[in-house]
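Here is how the chains run, residue by residue.
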Amino acid sequence: MNLRRSRAARLAATLLSAPVALSPMLVGPVHALIVFDPSNYTQNVLTAARSLQQITNQITSLQNQAQMLINQGRNLASLPFSSLQQLQQSVQRTQQLLNQAQNIAYDVQKIDQLFQQKYGNLSLSASDQQLVTDARSRWQNTVGGLQDAMRVQAGVVGNMDTNRAQMSALVGQSQGATGALQATQAGNQLLALQAQQLADLTAVVTANGRAQALQSAEQAAAAEQGREQRRRFLAPGTGYQPGNAQMFPHGGK
């Protein structure tokens, strides 16, 4: 037993006194050792992913805001087309035709005055020549009213080509509008075109009604004048005197 202990002691002393061969990684300083921590690595990856997601969300938000500003700019863009001048010219042409009404203008006071003179109660003291003159004046008013109505009708028909071109252009502008404002402005101009067409229609109806009224007034005045002339013709001592008429004088030779 003592011999075995002695051999073990000598072997241990030999191992302790022998040089130790160390790995190159173990020769360097302690702070150069690389230590991998899986938990810390996972946490860093998650943090980086969250940061990247936040940046992506911010970029998307900025893109949405930019698109919203672009859309607002389109909605506020004004329509680069206006038919106002052409519509005003059409209205002015029709108005000029109405202002050129012959003999009797579209004026309430003048109409009342002229009707009182020409179409009112017939004066019993007027001479036969005056009766004929008044009748001719009324006929001229009727003919002038009919001519005025035809001129207004021709003017409205002339406006139809301009209106057709404007309507086509406005519909095209409305369909190609880039925003709400342009679409609204195109719609407003289409309504203005419709109002101008209604104004032309009103002018035609008015001119036709005026012509018919003058014709009816002339007929009424002519009937009254006819009764007066018949009364004068049949008045005793001043008008027609009945008598004998001989168709074949001197015995028919």
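Residues numbered from 1 in each chain as written. Predicted model: local features only at pLDDT ≥ 70, side-chain atom pairs only at ≥ 80, totals over all residues. Heavy atoms only, no water.

Re the overall build of the protein
Thought 1: Check the secondary structure of the protein and you find 7 helices and 0 strands.
Thought 2: Taken across its 253 residues, the protein has 20% of its residues classed as buried.
Thought 3: For the protein, the proportion of contacts with a sequence separation of at least 24, taken over those separated by at least 6, is 82%.
Thought 4: Total accessible area computed for the protein in this model is approximately 18,800 Å², and 59% of it derives from carbon and sulfur atoms. (Helix = DSSP H or I, 4+ residues; strand = E, 2+ residues; numbered from the N terminus. Buried < 20%, exposed > 50% of the residue type's maximum accessible area, 1.4 Å probe, protein only. Contact = heavy atoms within 4.5 Å. Areas by Shrake-Rupley, 256 points an atom, 1.4 Å probe, with all protein chains shown as cover.)

Let's talk about the pattern of salt bridges
Thought 1: One pass over the structure, following the stated rule, counts 7 salt bridges.
Thought 2: One salt bridge connects R164 with D161, and the closest N-O pair in it is separated by 2.9 Å. Linking R164 with D161, this pair stays in helix 6 (residues 128-175), spanning 3 residues, or about one helical turn.
Thought 3: Put simply, R231 and E228 hold a salt bridge, and the shortest N to O gap is 2.6 Å. With R231 and E228 both in helix 7 (residues 180-234), this residue pair falls 3 residues apart, about one helical turn.
Thought 4: Overlapping salt bridges, with partners in common, bring together D128, E228, R231 and R232 in one network. (Salt bridge = Lys/Arg side-chain N within 4 Å of Asp/Glu carboxyl O.)

Let's talk about the confidence of the model for the protein
Thought 1: Put simply, the protein has an average pLDDT of 81, and 79% of its residues get 70 or more.
Thought 2: Taking the mean pLDDT of every element in the protein, the minimum, 46, falls on helix 2 (residues 24-27) and the maximum, 92, on helix 6.
Thought 3: Every residue in residues 20-28 scores below 50 in pLDDT, and together they form 2 contacts with partners more than four places removed in sequence or on other chains. (pLDDT = per-residue confidence, 0-100.)

Remarks on the packing of helix 4 (residues 84-99) against helix 6
Thought 1: The geometry of helix 4 relative to helix 6 is characterised by a closest axis approach of 9 Å and an angle of 175° between their N-to-C directions. It follows that helix 4 is roughly antiparallel to helix 6 by the angle criterion. Each of Q86, S90, R93, T94, L97 and L98 in helix 4 lies in contact with helix 6, whose residues at this interface are R151, V152, G155, N159, T162, N163 and Q166.
Thought 2: Looking at the contact of helix 4 with helix 6 residue by residue, the classes come out as 3 nonpolar, 8 polar and 2 charged. (Axes fitted to C-alpha atoms, helices over the stretch in contact; angles between N-to-C directions. Parallel < 35°, antiparallel > 145°, perpendicular 65-115°, else oblique. Nonpolar A, V, L, I, M, F, W, Y, C, P; charged D, E, K, R; others polar.)

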